[in-house]
Amino acid sequence: MARQLHARRLEGVDKNIWVEFTQLTADYKAVNVGQGFPDFSPPSFIQEAFCSAITGGASMHQYTRGFGHPALVKILAKFFGRIVGRDIDPMEDFQITVGAYQALFCTFQALIDEGDEVIIVEPFFDCYQPMVKMAGGTPSSNLYTLSSADWVLSPEELASNLNPRTKAIVINTPNNPLGKVYQRDELQMIADFCIKHDIICISDEVYEWLTYDGAQHIKIASLPGMWERTVTIGSAGKSFSATGWKVGWAMGPGNIIKHLKTIHQNSVYHCATAAQEAVAMGFQREYDTFGTEDSYFKQLPAQLHKKRLRLAECLRSVGLEPVMPQGGYFMITDISSLQVDLNDPSTKDEPYDFRIVKWLIKEKGLATIPVSGFYSPEHRGNVQNYIRFCFVKVIWFVCI
Ligand code: PMP
Ligand code: GLN
């Protein structure tokens, strides 16, 4: 074809760390302690729920309501209504999606126009930037200063990114890759900023149940005046350790969610019925056991906490100091002390963390993820000394 084949919106978004590193991990048959998914099965109650969904009659194998299976949106509204402290309308205030990825995609497509700016707090889950760009928007990033006390976002840093085109801010708590859990005063500062400047908040909370050492997850949508301007993103994959099911949601006020529905109805339309039914049963169980020792949302962080300590111990035993995460699946560690002869010519122009990760995969059979992949290109040069481990896997690997 003589004419340009690809749409211009694809320019600059073709590289993807997951594509690159999962392939390399597979090629070298490395132990994958990089990519974030459990290597254990989901709890038996949710597996049984899936089995009962698929044997539950013909309707379970056919399309369901496009904006979300009724059983699922009803229980989610009840469940999160109790947490946010308000009545949530199951039919208006949710869009069920193919994982949190699609919820994010629908959100950016629905709300971001050509030329709009979106503040993305760094480090950030890598897909936010390309999704903003594909919607025609401009991502602008706040950089946490690595040396600052515990990666706290200051009001000055936030304000420095504001301009008349700023339409939205994206936060992620607990954060991937840092493991930071936003405290109430930080969320209040962000909420004040959003309200003052009429900005939408997109809050990615896929790791909401995974907090450690007493850290508490707070939904920014529960702060006064924030429900009206927040889209909260969730994932059943992360909630029930079933990332392959790809059930996610966007929750927010009906006047915002209706625009996400427009994107969804003109693209995916339906998500898998039986998976939604099973997740509905899972949430019903969690609603009934909430706050008790029987709740999976309580058992899972207790289980992961031990793995987190074990990984930290393992890293320290080889002279690496981890940044202890307060939440999520991941732990990052400074690798500047690693004395490695990086003589692979194929990686010579890449950032140091990319080179180290590739060396670890190829020479040691251990796959991690370079942390500079979670920064905007302008800031990557400042953060080449960290790599990310996923500690939800059974940590039995031999240290470097
Ligand atoms: N947001 C964050 C912060 C993530 O780490 C991930 C990856 N699990 C997603 C969204 C996408 O989640 P899902 O697998 O439900 O699409
Ligand atoms: N969210 C997961 C991670 O950060 C997986 C991302 C992916 O595989 N695309 O590791």
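Procedures and definitions
Within any chain, residue numbers begin from 1 and follow the written order of that chain's sequence. Labels are handed out in written order, letters beginning with A for the chains and numbers beginning with 1 for the ligands. The predicted origin of the model limits local features to residues at a pLDDT of at least 70 and limits the giving and counting of side-chain atom pairs to 80 or more, whereas totals for whole chains, interfaces and linings rest on all residues. Each side-chain value is worked out from all heavy atoms of the structure, with water and hydrogens disregarded. Counting from the N terminus, the helices are the DSSP runs of H or I reaching at least four residues and the strands are the DSSP runs of E reaching at least two. Between the two quantities, the radius of gyration covers C-alpha atoms and the globule rule is 2.2 Å times the number of residues to the power 0.38. Buried means the residue's accessible area, taken with a 1.4 Å probe over protein chains only, is under 20% of the maximum for its type, while exposed means over 50%, and partly exposed covers the values in between. The contact criterion used throughout is that any non-hydrogen atoms of two residues lie within 4.5 Å. Residue-level accessible areas treat just the shown protein chains as cover; the underlying method is Shrake-Rupley with a 1.4 Å probe. None of His or the chain ends enter the tally, which takes Lys and Arg as positive and Asp and Glu as negative. We put the charge of a Lys on NZ, of an Arg on CZ, of an Asp on CG and of a Glu on CD. Working definition: rings of Phe, Tyr and Trp (its six-membered ring) pair if their centres are within 6.5 Å, and the pair is stacked with planes under 30 degrees apart, edge-to-face with planes over 60 apart, and tilted otherwise. For a lysine, the NZ atom is tested; for an arginine, the CZ atom; a charge sits over a ring if that atom is within 6 Å of the ring centre and within 35 degrees of the ring normal.

**Brief notes about the overall build of the protein chain**
1) Next: Broken down by element type, the protein chain carries 12 helices and 13 strands.
2) Next: A globule of 400 residues ought to have a C-alpha radius of gyration of about 21 Å, and the protein chain, at 21 Å, matches this closely.
3) Next: When its C-alpha atoms are laid out on the principal axes, the protein chain stretches across 60 × 55 × 50 Å.
4) Next: Residues classed as buried in the protein chain amount to 56% of the 400 residues present.
5) Next: The contacts of the protein chain with a sequence gap of at least 6 include a subset with a gap of at least 24, amounting to 72%.
6) Next: Total accessible area on the protein chain is roughly 17100 Å²; 51% of this is exposed by carbon and sulfur atoms.
7) Next: Of note, the protein chain has its 37 positive side-chain charges centred 4 Å away from the centre of its 43 negative side-chain charges.

**What to know about the packing of aromatic side chains**
1) Next: By the definition in use, this model includes 26 aromatic pairs.
2) Next: Ring geometry for Trp209 versus Phe297: centroids 4.3 Å apart, planes at 5 degrees, classification stacked. Of the two residues, Trp209 is situated in the loop between β6 (200-204) and β7 (230-235) and Phe297 in helix α11 (residues 296-317); the sequence distance between them amounts to 88 residues. Exposure class is identical for Trp209 and Phe297. Each is buried.
3) Next: Following the ring pairs from residue to residue traces out a cluster consisting of Phe45, Phe79, Phe80, Trp209, Phe240, Trp249, Phe283, Phe290, Tyr296 and Phe297.
4) Next: The cationic tip of Lys180 hangs over the ring face of Tyr182; the distance from NZ or CZ to the ring centre is 5.0 Å.
5) Next: In this structure, Arg285 packs its charged tip against the face of Phe45, placed 3.9 Å from the ring centre.

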